[in-house]
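# Breakdown of the fold
So you can see what is in the structure, the chains are spelled out below.
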Amino acid sequence: MRIATLIPTLAAAALLLMVSAGAKGGENLSRQEQIDASAKKVKELQNERIATLKAVVETAKVLFQNGRIDFEEVIDAQLQLLDAELEVAEKASDRVALNKKMVDVLKQYEGLAESNVERARASRVVALKIKARRLEAEIHWEQAKAAEANAKP
């Protein structure tokens with residue numbers, strides 16, 4: 001008689017466990033949907049940021065050519081853009097290319113800064129800051145190349 005009463009109790013407990021597990025699976029799906037929605041939103045925001053920074057770079061170049069801002073602002077805008085692009089780069093080869101581009105941009109501005117120092121149009125500090133940033137970019141470029149080489153089978 002005890003077994004007869006125990007079986008329905010066990011069946012009810014098993015049913016409750018299954019319902020509870022099913023509810024948790026639904027929560028996980030909902031959580032996964034939230035994660036996917038957040039990831040999509042981040043991607044959209046990153047793309048909007050890149051588009052905005054491209055507009056900043058173009059505007060800064062025009063203002064610099066018209067003598068309305070210093071070239072440091074153009075450099076800063078370009079570096080922000082490259083940093084944003086690096087942030088979204090998924091492939092190692094893309095990161096290598098972007099790091100190389102950053103080095104190239106900084107070399108260009110380093111030359112301009114040196115020229116301005118020679119003509120007494122800029123301080124040595126500006127040129128040294130750009131050189132330091134270029135060296136940092138070269139370090140990142142070398143690290144990206146090493147990471148790409150390590151990732152290859």
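Below is a short write-up of the structure. Everything numeric here is computed off the predicted structure, so don't read it as measured data. Position numbers for residues count from 1 along each chain, tracking the sequence in the order it is written. It should be noted that, the model being predicted, local features are given only for residues of pLDDT at least 70 and side-chain atom pairs only at 80 or more, the latter also being counted only at that level, while totals for whole chains, interfaces and linings use all residues. Where side-chain values are given, they derive from all heavy atoms of the structure, hydrogens and water being excluded.

## Description of the side chain of Gln46
Note the threshold: Numbered from the N terminus, helices here are DSSP runs of H or I no shorter than four residues, and strands are runs of E no shorter than two. The rule is simple: take the accessible area with a 1.4 Å probe, protein chains only, and divide by the maximum for that residue type; under 20% is buried, over 50% is exposed, in between is partly exposed. Residue contacts are counted whenever heavy atoms from the two residues lie within 4.5 Å of one another.
Tracing the backbone through its elements, the reader meets Gln46 in helix H1 (residues 2–65). According to the relative accessible area criterion, Gln46 is buried, its value standing at 19%. Ignoring sequence-local partners within four residues, the contact set of Gln46 consists of Glu87 and Val88.

## Here we look at the packing of aromatic side chains
Counted only if it meets this: Pairing of aromatic rings covers Phe, Tyr and Trp, the last through its six-membered ring, and needs centres within 6.5 Å; plane angles under 30 degrees mean stacked, over 60 mean edge-to-face, and all others mean tilted.
Evaluation of the coordinates by the stated rule reveals two aromatic pairs. When the centroid spacing of 6.3 Å and the interplanar angle of 70 degrees are considered together, the rings of Phe64 and Phe71 count as edge-to-face. With relative accessibility at 31%, the residue Phe64 sits in the partly exposed group. Here Phe71 and Tyr109 contribute two aromatic rings whose centre-to-centre distance is 6.3 Å and whose plane-to-plane angle is 10 degrees, an arrangement assigned as stacked. Remark: Tyr109 occurs in helix H3 (residues 92–118) and Phe71 occurs in helix H2 (residues 71–88); sequence separation between them is 38 residues. Like Phe71, the residue Tyr109 is buried in the burial classification. Taken together, Phe64, Phe71 and Tyr109 form an aromatic cluster joined through their ring pairs.

## Let's talk about unusual backbone geometry
Glycine aside, the phi torsion of most residues is negative, and most peptide linkages are trans. Although it is not a glycine, Ala120 sits at a positive phi angle of roughly 60 degrees. Position of Ala120 among the secondary structure elements: in the loop between H3 and helix H4 (124–151).

## Here we look at H2
Note the cut-off: Given the number of residues in a helix, its expected span is that number minus one, multiplied by 1.5 Å.
Its 18 residues give H2 an end-to-end C-alpha distance of 26 Å, which sits within 8% of 26 Å, the value for a rise of 1.5 Å per residue. For H2, the set of buried residues is Phe71, Val74, Ile75, Ala77, Gln78, Leu79, Leu81, Leu82, Ala84, Glu85, Leu86 and Val88.

## Concerning the packing of H2 against H4
Filter applied, for reference: Interaxial angle, 0 to 180 degrees, is taken between N-to-C directions of lines fitted to C-alpha atoms, where a helix line uses only the stretch in contact. Oblique is the label for every angle not falling under 35 degrees (roughly parallel), over 145 degrees (roughly antiparallel), or within 65 to 115 degrees (roughly perpendicular). Throughout, a crossing is termed right-handed when the near helix is turned clockwise from the far one, and left-handed when it is turned anticlockwise from it by less than a right angle. Any residue that is not Ala, Val, Leu, Ile, Met, Phe, Trp, Tyr, Cys, Pro, Asp, Glu, Lys or Arg is counted as polar, Gly included; the first ten are nonpolar and the last four charged.
One can describe the packing of H2 onto H4 by two numbers: an axis separation of 12 Å at closest approach and a directional angle of 15 degrees. The orientation of H2 with respect to H4, classified from their angle, is roughly parallel. As H2 runs across H4, the sense of the crossing is left-handed. Along the contact surface, H2 presents Phe71, Glu72, Ile75, Leu79 and Asp83, while H4 presents Val126, Ile130 and Arg133. Per-class residue counts for the contact of H2 with H4 are five nonpolar, no polar and three charged.

By themselves, these observations are geometric and do not establish any function.
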